[in-house]
Amino acid sequence: MTKPTAAPSGRSVRDRRELRPATERSGLTCGYNCLFVSTVDGMAVVDTGLGASFLGYGEYIEPLVGQLADGMAGAGLSRSELAAVIFTHLHQDHSRGAIWSGEPTFPVADAYAHVAEVAYWSGPIEQESALPHSAAARETIRLYGERLRSFEHHDEILPGVRALPATGHTPGHSAILLESAGERLLCVGDTFYDPLQVTNPGWATPWDLDHPASVATRRRILAWAADEQVLLHAYHLPFPGLGRVRRTATSYTWEPIR
């Protein structure tokens, strides 16, 4: 989500006041938080970043990319031992880390993406905001081939790892629910990019392919997370992207966990 410089078209005076703190920032703080999950079927990663080959996103983004290998090494994880790669969706900043070198980054892993996501990126891409992501999405589908497994929403992908509907950002965008020993963590992918969208769930981004659906998804997930006090993992919030959503008198607020 780019730094706003004016209220979106049709926004109220209150919305303009809400935007003022963002316009006073030097920019929006962004992260690329890949999550590793230990299951009885082996280690999995949820989303994979942009990869080590920098794509020219800009000087502010460059230091954030290409760190997945170092992070794995620091945690004692080996690429060759990873059993599964789970994609919330196939935008390049989520999928390219799995294929940036021209071959699968995780050589023995099976990959998982929603059936509608695979179908969309395999067909003709007409929406302008999707075009920059199409090459990486298609290459991910091609390189993983028969090892790319499609799932439906509510499927259990791996033991304790379930896909929940979060469509709108892309046709098959999914939230990934992790459950273990009575605890839950919901990976929301790109359901929101910044705490501004938690406070203002009706605000979409240029990368949401279906704005009304993305807003409906955001409202539903925020309401459930607030009511159930589910721990959330937000891919694009500052590291580690963990936090909870609290209800306010009129909306929600994001409470990060450092």
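Provided above is the structure to which this section pertains.
For clarity, every value in this text was computed on a predicted model and none was experimentally measured.

A. Structural context of the sheet that holds strand 11 (residues 242-247). Strand order in the open sheet formed by seven strands is 6-7-8-9-10-11-12, and the pairing between neighbours is mixed. The two strands at the open ends of the sheet, each matched to only one other strand, are strand 6 (156-158) and strand 12 (252-256). For this sheet, the mean inter-axis angle between neighbouring strands, taken without regard to orientation, is 35°. Bridge count between strand 10 (residues 231-234) and strand 11: two bridges; the pairing is antiparallel. Following the sheet pairing, Leu232 is matched in strand 11 by Gly243. Each of strand 7 (161-165), strand 8 (174-180), strand 9 (183-189), strand 10, strand 11 and strand 12 touches helix 7 (residues 211-228); the most contacted strand, strand 11, lies at about 90° to it.

B. Main features of helix 5 (residues 131-144). Here helix 5 spans 21 Å end to end across 14 residues, near enough to the 20 Å set by a 1.5 Å rise per residue. Buried-residue contacts for helix 5 involve strand 3 (84-86), helix 3 (92-95), strand 4 (110-114), helix 4 (115-122) and strand 5 (148-151). Two residues or fewer after helix 5 comes Gly145, characterised by a positive phi angle close to 50°.

C. Structural context of unusual backbone geometry. Cis geometry marks the peptide bond from Phe239 to Pro240, where omega comes out at 5°. Secondary-structure assignment places Pro240 in the loop between strand 10 and strand 11. Of note in this structure, Gln229 is not a glycine but carries a positive phi near 50°. Checked against the element boundaries, Gln229 lands in the loop between helix 7 and strand 10. By relative accessible area, Gln229 is classed as partly exposed at 29%.

D. Up close: the nonpolar core. By size, the foremost hydrophobic cluster in this structure holds 24 residues, and its most contacted members are Val85, Phe87, Leu90, Phe106, Trp121, Tyr144 and Leu148. Taken together, the elements giving at least two residues each to this core come down to helix 2 (68-74), strand 4, helix 4 and helix 5. Top contributing element to this core by residue count: helix 5, with four residues. Filtering out sequence-adjacent residues up to four positions away, Phe106 remains in contact with Val45, Thr48, Leu68, Met72, Arg79, Leu82, Val85, Gly97, Ala98, Tyr144 and Arg147. Among the nonpolar cores identified, the runner-up in size contains 20 residues, and Ala166, Val188, Val245 and Trp254 belong to it.

E. View of the side chain of His89. Residue placement: His89 occurs in the loop between strand 3 and helix 3. Polar side-chain contacts of His89 include one of 3.3 Å to the side chain of His91. Within polar-contact distance, the side chain of His89 engages the side chain of Asp190 at 3.3 Å. The contact partners of His89, leaving out residues within four places of it in the chain, are Asp47, His94, Glu117, His169, Thr170, His173 and Asp190.

F. Spotlight on the pattern of salt bridges. Counted according to the given criterion, the structure contains five salt bridges. Between Glu139 and Arg142 there is a salt bridge whose closest N-O contact spans 2.9 Å. With Glu139 and Arg142 both in helix 5 and three residues apart, the pair spans about one turn of that helix. In this structure, Arg246 and Glu255 form a salt bridge, with 2.8 Å as the shortest nitrogen-oxygen distance.

G. Broad picture of the environment of Ala181. Along the chain, Ala181 turns up in the loop between strand 8 and strand 9. Taking the C-alpha atoms as reference points, Ala181 and Gly160, 21 residues apart in sequence, are found 9.7 Å from one another.

H. The arrangement of the pairing of strand 4 in detail. Most of strand 4 is tucked away, with five of its five residues classed as buried. Side chains Asp110, Tyr112 and His114 project from strand 4 onto one buried face, and the interleaved Ala111 and Ala113 project onto a second face that is buried too. As paired strands, strand 3 and strand 4 are joined by three bridges and run parallel to one another. Looking at the pairing, Ala84 lines up with Asp110 of strand 4. Bridge analysis of strand 4 against strand 5 gives four bridges, and the strand direction is parallel. Along strand 5, the bridge assignment pairs Tyr112 with Arg149.

I. Seen up close, the environment of Tyr144. By the secondary structure assignment, Tyr144 is in helix 5. Sequence separation of Tyr144 and Ala111 is 33 residues, and the distance between their C-alpha atoms is 6.9 Å. In contact with Tyr144, other than residues within four places in its own chain, are Val85, Ala98, Ile99, Pro104, Thr105, Phe106, Ala109 and Ala111.

About the cut-offs
Residues numbered from 1 in each chain as written. Predicted model: local features only at pLDDT ≥ 70, side-chain atom pairs only at ≥ 80, totals over all residues. Heavy atoms only, no water. Pairing = 2+ DSSP bridges. Helix = DSSP H or I, 4+ residues; strand = E, 2+ residues; numbered from the N terminus. Axes fitted to C-alpha atoms, helices over the stretch in contact; angles between N-to-C directions. Contact = heavy atoms within 4.5 Å. Expected span 1.5 Å × (residues − 1). Buried < 20%, exposed > 50% of the residue type's maximum accessible area, 1.4 Å probe, protein only. Core = buried A, V, L, I, M, F, W, Y, C linked by side-chain atoms within 4.5 Å. Polar contact = N/O pair within 3.5 Å; in protein donor to acceptor, adjacent residues only side chain to side chain. Salt bridge = Lys/Arg side-chain N within 4 Å of Asp/Glu carboxyl O.

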